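Chain by chain, the residues run as shown.
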Amino acid sequence: MKKLVIAVIAFLLLFAGCSKPSEPTEPDKPEVKGMAYFCRTLGDFGFNDNGWAGVQNSAAKHGYEPQAIELGNDTATFENALVEACDSGKYSVIVTQNGSGLGDYVRKYAKDYPEIKFIVFDMGITEDPNLPENVYGIAYKASEACFLAGALAAKMSANKKVGILSNDNPGGNDFAAGYISGAKYADPDCQTYYYYGMADAAAWQEQASSLYQMGVNVVLAGSGRFALGVFNEAFNRGGAENGCLAMGIDTDMYYTLTQSETVDIATVVLSSATKELAYTIENAVDRMKDGSLPWGKMEVLGIAQGAANVAINDHYKELVPEDVQAYMTDLIDKVSKGEVKPVSFYDFDSQEAFLNWLKPQLGE
Amino acid sequence: MKEARRVEFIFEMLRIVVALAVAYLLTLLFIAFISKDPIEAIYVFSIGPFTTARRFGQLMAKFIPYMMTGLSMCLIYACNRFNLIAEGSYLMGGCLFSVVAVNFIPETMPPVLAVGLGLVVGALAGLIVSAIPTILREKLGVSEIVTSVMFNYGFLYVSLFLIKFFARDISMSYVCSRLIPENAKLGAVVPRTLFHSGIYIVAVVVMLVCLIYFKTPFGYRVRISGSNQDFARTEGIRITGSLIVAQLLAGAISGMGGAIDIMGVYDRYIWDQTPGVGTDGLLVAVLARKNPALVPIAAFLLAYMRTGAAILNYATDIPLEMVQMVQGIIILMIGAEEFLGPIKNRMIFRLAQKKDRQKEALADVNTK
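Residues numbered from 1 in each chain as written. Chains lettered and ligands numbered in written order. Predicted model: local features only at pLDDT ≥ 70, side-chain atom pairs only at ≥ 80, totals over all residues. Heavy atoms only, no water.

### Considering the overall build of chain A
Of the regular secondary structure elements, chain A holds 14 helices and 12 strands. Taken along the three principal axes of its C-alpha coordinates, chain A extends 75 × 65 × 45 Å. The buried share among the 364 residues of chain A stands at 57%. Summarising the internal contacts of chain A: among those between residues at least 6 apart in sequence, 73% fall at separations of at least 24. Carbon together with sulfur atoms contributes 52% to the accessible area of chain A, which is approximately 14,800 Å² in total. If you average the places of the 28 positive and of the 48 negative side-chain charges in chain A, the two averages end up 5 Å apart. (Helix = DSSP H or I, 4+ residues; strand = E, 2+ residues; numbered from the N terminus. Buried < 20%, exposed > 50% of the residue type's maximum accessible area, 1.4 Å probe, protein only. Contact = heavy atoms within 4.5 Å. Areas by Shrake-Rupley, 256 points an atom, 1.4 Å probe, with all protein chains shown as cover. Lys, Arg positive; Asp, Glu negative; His and termini not counted. Charge placed at Lys NZ, Arg CZ, Asp CG, Glu CD.)

In structure tokens form, the structure reads like this:
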């Protein structure tokens, strides 16, 4: 037994003593053309894919070599992955989402790598806007897009009932705040429903089913990954003819679905509240190239800057009556000018305050 | 039968070595097939964790919590219970520590006190969490597998609730706590790496658990109750009490592990999914053959492989899904308890036969 204990101590001390000095690798290189993109997992038809599309496009335009770095679910490795990418010397631009602590790590390490430019997207609107010298941050007013989606839903609902399914996280709650305030703005009598989405597409379909059962006409699916469950349910219930419509989030879901094999299902997608990650990343890289990007600052972008909107496509024009279309065009203008202000989750200073605002808005 | 036991032991060691070797070879083969640059990928996977201080720090940052949950699962495993609550304990240990740290630990508190308080909070959280399936099992006979897995899931939502309502950083665009105060953090052993001073705490815990397990009457009671309940009862051991205390202790260790991980590795609490370290603890315990003294070695091996896989993911062209499959192969081989079993049994059988024949021969000689 004693031997074992000694062995354990020796083993631990061995590793405690094993510290190698870190050697900064900075040989003179001509020009580094790598552009890294950090995300959790690709293939979600939404947030992560959208950002990756933006990185790929801007890389193609400006001659960078894009590289996606998928981090997966092991949060303990994220910090290392970021620093390792900085150390590798392969990248001159690093584009990353703010979530999962990545924004913190950029704030912490960016000043050690002045030669690398960082673009952090999807920051919190109320976050500290001062960043290190070589970092540019983007925050989205997703509530503006969802406000418009809510207004459109209310105008299109025969039963005056609209619903939203979304995750109970700041992003999802921001969608809901915008959507519900939009529906109430367009039609104060409209009843609104908000369900917290569960962990998979099948559960979302079940939840959507219960919403449609209650007579809800339009459901906004607040997650790119699980939206298909909602679309399926709307389609199974007869789609537009039976007053079962759905809306997507982040990207123009109608367009995404028509590109895949599920073309039929696309018919139920009335519109989408888009967060133009791809556009804003491309725009940031363009501005970086011509030197007009405000480094060290976070910008809050909304409809006025083209960073969020409702998807207006052929299908929308087909489904939505002329007068509602005119109403929407007018409303988009008003929101972008700031004449109408959507409610945002970030307006509230705690989860409780948000719930206190939310409860009286919900139907039944 | 001394020889049979020796064969058992040799095969036990052989099993682990061969299983790891096969897992390793399969992995290398796999990498060679899917990578455009297999030599680089294999190098990164096998030598990668030792090439830079940062990577080694990452390895140690995984090693530390694996030891804690490994010890925890060792204790539960020794009770002969399949209680997977170590995962929930680990999660809640980290979560409650974060809630307490951002709300109640003032900046002026001396670090020793703050860290000590954090450890106590983590351990208490883990203990309370593990009390539920343990007491349900020992007092009411409810299957601990079902309750522990169910509660692990439930506790994920409890943790999210606690963070959202009591510790959330309202300015951030995702669910996370406010920044953990500096005085409640474990400093780095090697600067600019994740290798943090939690290693010393873990070393003490390993020794304490070994001591309790091998050198105290309580440890003996647990081992006996776990390996043969009827025998223990006949001997007059109070099984229920021993098993409950052992499993609560396991929960406390796991919870403390969660708190240590948050203190050492993270700037704020960001777990929106169960981190999986608790279930990996079972892997460590299986690999260590429920022997706490072997836990550091098993934990190190697992941490080494996991780190290699993580580096493989972000340093080469191999996509994440492939890396997860590689991890699956490793776990499959480690978990295969009956691997080489038939050969072992045949050898023991032959040994016995040989002995019988020798005895017969001896008897023959004697009668003559």
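Once the structure has been displayed, the description carries forward.
### Description of the interface of chain A and chain B
Listed per partner, the contact involves 59 residues of chain A and 52 residues of chain B. For the pair chain A and chain B, the two sides together bury roughly 4,700 Å², of which 58% comes from carbon and sulfur. Taken together, chain A and chain B are joined by seven salt bridges. As a salt-bridge pair, R55(B) and E84(A) come within 2.5 Å of each other at their nearest N and O atoms. Our count for the contact surface shared by chain A and chain B stands at 17 residue pairs in polar contact (both at pLDDT 80 or more). Breaking the side of chain A that touches chain B down by element, the ones donating at least two residues are α1 (2–17), β2 (65–70), α3 (78–88), α4 (102–109), β4 (117–123), α6 (170–186) and α14 (351–358) of chain A. Looking at the side of chain A that touches chain B, the element that brings in the most residues is α1(A), giving eight residues. (Buried area = accessible area lost by both parts, 1.4 Å probe. Salt bridge = Lys/Arg side-chain N within 4 Å of Asp/Glu carboxyl O. Polar contact = N/O pair within 3.5 Å; in protein donor to acceptor, adjacent residues only side chain to side chain.)

### Things to note about the confidence of the model for chain A
Of all residues in chain A, 91% attain a pLDDT of 70 or more, and the chain-wide mean is 81. Within the model, the stretch residues 14–27 of chain A combines pLDDT values under 50 with 14 contacts to residues more than four positions away or in other chains. (pLDDT = per-residue confidence, 0-100.)

### A look at the packing of helix α3 (residues 53–78) of chain B against helix α7 (residues 198–215) of chain B
Residues and elements named next belong to chain B. It is at 10 Å that the axes of α3 and α7 come closest, and there the two elements cross at 20 degrees. In this view, α3 runs roughly parallel relative to α7, as classed from their interaxial angle. The handedness of the crossing between α3 and α7 comes out as left-handed. Contact with α3, carried on its side by M60, F63, I64, M67, M68, L71, L75 and A78, involves G198, I199, V202, V205, V206, V209 and Y213 of α7 and no other residues of that element. (Axes fitted to C-alpha atoms, helices over the stretch in contact; angles between N-to-C directions. Parallel < 35°, antiparallel > 145°, perpendicular 65-115°, else oblique. Left-handed = near helix turned anticlockwise from the far one by under 90°.)

### Quick word on unusual backbone geometry
Residue and element names in this part refer to chain A. Its identity as a non-glycine residue notwithstanding, S100 has a phi of 55 degrees, on the positive side. Relative to the helices and strands, S100 resides in the loop between β3 (91–97) and α4. A positive phi angle is found at D250, which is not glycine, with a value near 70 degrees. For D250, a relative accessible area of 8% translates into the label buried.

### Quick word on a nonpolar patch on the surface
All names here are of chain B. Side chains of F82, I145, V146, V149 and M150 sit close together on the surface and give an oily, nonpolar patch of about 470 Å² of accessible area. With respect to the helices and strands, the residue M150 is situated in helix α6 (residues 144–166). Residue M150 is classed as exposed on the basis of its relative accessible area of 54%. (Patch = residues over 30% accessible without salt bridge, like charges linked within 9 Å, V, L, I, M, F, W, Y side chains within 5 Å.)

### Let's talk about the pattern of salt bridges
What the rule picks out here adds up to 25 salt bridges over all chains. Salt-bridge contacts for D272(B) lead to R40(A); the nearest nitrogen and oxygen are separated by 3.7 Å. Here D272(B) is found in the loop between α10 (239–265) and α11 (277–287), whereas its partner R40(A) is found in the loop between β1 (34–39) and α2 (47–62) on a different chain. The buried category is assigned to R40(A), whose relative accessible area is 12%. Put simply, E233(A) and R237(A) hold a salt bridge, and the shortest N to O gap is 2.8 Å.

### As for the side chain of E144(B)
Residues and elements named next belong to chain B. Examined against the element boundaries, E144 turns out to sit in helix α6. Relative accessible area serves as the criterion here: at 8%, E144 is assigned to the buried category. A distance of 3.0 Å separates a polar atom in the side chain of E144 from the backbone nitrogen of F82. The residues touching E144, leaving out its near neighbours within four places in the chain, are R81, F82, N83 and R137.

### A word on the sheet that holds strand β9 (residues 245–250) of chain A
Residues and elements named next belong to chain A. Spatially, β7-β6-β8-β9-β10-β12 is the arrangement adopted by the six strands of the open sheet, whose pairing is mixed. Of all the strands in the sheet, just β7 (191–196) and β12 (308–310) have a single pairing partner and so form its edges. On average, adjacent strands in this sheet sit at an angle of 15 degrees to one another, irrespective of strand direction. Note: β9 against strand β10 (residues 269–275), five bridges, orientation parallel. Considered in β10, the bridge of D250 is made with T274. (Pairing = 2+ DSSP bridges.)

### Focus on the nonpolar core
Among the nonpolar cores identified, the biggest contains 120 residues, and F38(A), I94(A) and I260(B) are the most heavily contacted of them. Here this core takes 16 residues from α3(B), the largest share from any one element. Once you skip the residues sitting within four places of it in the chain, I94(A) turns out to touch A36(A), F38(A), L82(A), A85(A), C86(A), I116(A), K117(A), F118(A) and I119(A). With 47 residues, the next largest nonpolar core counts V218(A), L245(A), I249(A) and V320(A) among its residues. (Core = buried A, V, L, I, M, F, W, Y, C linked by side-chain atoms within 4.5 Å.)

### Quick word on helix α4 (residues 86–104) of chain B
End to end, α4(B) covers 26 Å across 19 residues, agreeing with the expected 27 Å (1.5 Å per residue, within 8%). Counting buried positions along α4(B) yields 16 of 19 residues, so the element is predominantly enclosed. (Expected span 1.5 Å × (residues − 1).)

### A word on the environment of L165(A)
Residue and element names in this part refer to chain A. With respect to the secondary-structure elements, L165 resides in strand β6 (residues 161–166). For L165, a relative accessible area of 0% puts it in the buried group. Taking the C-alpha atoms as reference points, L165 and C39, 126 residues apart in sequence, are found 23 Å from one another. Setting aside anything within four residues of it in sequence, one finds L165 in contact with Y195, G197, W204, Q207, A208, L211, V219, L220, A221, G222 and V230.

### Let's talk about the environment of S148(B)
All names here are of chain B. Within the secondary structure layout, S148 lies in helix α6. When the C-alpha atoms of S148 and I132 are compared, they prove to be 8.2 Å apart, with 16 residues separating the residues in sequence. Setting aside chain neighbours within four positions, we find S148 in contact with F82, N83, L84, I85 and P133. Within the structure, S148 has its side chain in polar contact with the backbone nitrogen of L84 (distance 3.1 Å). One polar contact links the side chain of S148 to the main-chain carbonyl oxygen of E144, over a distance of 2.7 Å.

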